[in-house]
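# What the coordinates show
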Amino acid sequence: METINHTHEHTHTHTHPHPNYHPPNQKKPGWFHNLLNPLRLVVDGIQVKNNRIAHLICQTIPCCCPFERQIKLFGKCIDIPPLCKLNPLYDEFVGLRFRALSYLADVCGEDVTKYIC
């Protein structure tokens, strides 16, 4: 069986201990991302300390994307993918919902299964 030799040369200016290391493809945040940072900080800073507010958050923010659908058309299934990840504040809202669920379950001792899909 033949052996495969890596002959590809790298021209990086810095070195890494592993010769085949490739850094992750992380893009720097653009102007739109930076524009929304204050709003992200506001949503992340919301502390859930009231069970009525926690219930309202859990009822308002869905546990799964409401836009994801499977439509049957002329005998064929058409899948509409979840579009919630297109929301630039998606992660912050999911975190807020999780904090509300945790507050209801841990602090108030309530059963939160009705809010879980």
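Here the structure is shown first, and the text comes after it.
Report follows, based on the coordinates. Because the structure is predicted, anything quoted here is derived from the model rather than measured.

What follows is about helix 2 (residues 51–60). Regarding helix 2, the residues found buried are Ala-54, His-55, Ile-57 and Cys-58. Buried residues along helix 2 cover an arc of 160° about the axis, so they all sit on one side. Residues of helix 2 that are exposed and point over 90 degrees away from its buried face: Arg-52, Gln-59 and Thr-60. Looking at the packing, one finds that the buried side of helix 2 touches helix 3 (90–107). With a side-chain oxygen positioned 2.7 Å from the backbone nitrogen of Arg-52, the residue opening helix 2 is Asn-50.

As a packed pair, helix 2 and helix 3 sit with axes 9 Å apart at the nearest point and diverge in direction by 135°. By the criterion of interaxial angle, the relationship of helix 2 to helix 3 is oblique. The two elements helix 2 and helix 3 meet at a crossing, and its hand is left-handed. Contact residues: helix 2 offers Asn-51, Ala-54, His-55, Ile-57 and Cys-58, while helix 3 offers Leu-96, Arg-97, Ala-100, Leu-101, Tyr-103 and Leu-104. Considered class by class, the residues forming the contact of helix 2 with helix 3 number 8 nonpolar, 2 polar and 1 charged.

In this section: the side chain of Glu-92. Here Glu-92 lies in helix 3. Non-local contacts of Glu-92, meaning those with residues more than four positions away in its chain, are made with Arg-40, Val-43 and Asp-44.

To continue, consider helix 3. Helix length check: helix 3, at 18 residues, gives a terminal C-alpha distance of 25 Å against a target of 26 Å (1.5 Å per residue), a fit within 8%. The complete set of buried residues in helix 3 reads Glu-92, Leu-96, Arg-97, Ala-100, Leu-101, Tyr-103 and Leu-104. Downstream of helix 3 by a residue or two, Gly-109 has a phi angle that is positive, lying close to 70°.

A separate point is the state of the cysteines. Scanning all chains against the criterion turns up 1 disulfide. The residue that forms a disulfide with Cys-63 is Cys-117, at a sulfur-sulfur distance of 1.5 Å. Its S-S torsion of about 60° marks the bond between Cys-63 and Cys-117 as right-handed, since a negative value means left-handed. One end of the pair, Cys-63, is in the loop between helix 2 and strand 1 (69–73); the other, Cys-117, is in the segment after helix 3, with 54 residues separating them in the sequence. Overall, the relative accessible area of 37% leaves Cys-63 in the partly exposed class.

Cut-off values and rules
- Residues numbered from 1 in each chain as written.
- Predicted model: local features only at pLDDT ≥ 70, side-chain atom pairs only at ≥ 80, totals over all residues.
- Heavy atoms only, no water.
- Buried < 20%, exposed > 50% of the residue type's maximum accessible area, 1.4 Å probe, protein only.
- Helix = DSSP H or I, 4+ residues; strand = E, 2+ residues; numbered from the N terminus.
- Arc of directions from axis to C-beta.
- Contact = heavy atoms within 4.5 Å.
- Polar contact = N/O pair within 3.5 Å; in protein donor to acceptor, adjacent residues only side chain to side chain.
- Axes fitted to C-alpha atoms, helices over the stretch in contact; angles between N-to-C directions.
- Parallel < 35°, antiparallel > 145°, perpendicular 65-115°, else oblique.
- Left-handed = near helix turned anticlockwise from the far one by under 90°.
- Nonpolar A, V, L, I, M, F, W, Y, C, P; charged D, E, K, R; others polar.
- Expected span 1.5 Å × (residues − 1).
- Disulfide = S-S within 2.5 Å.

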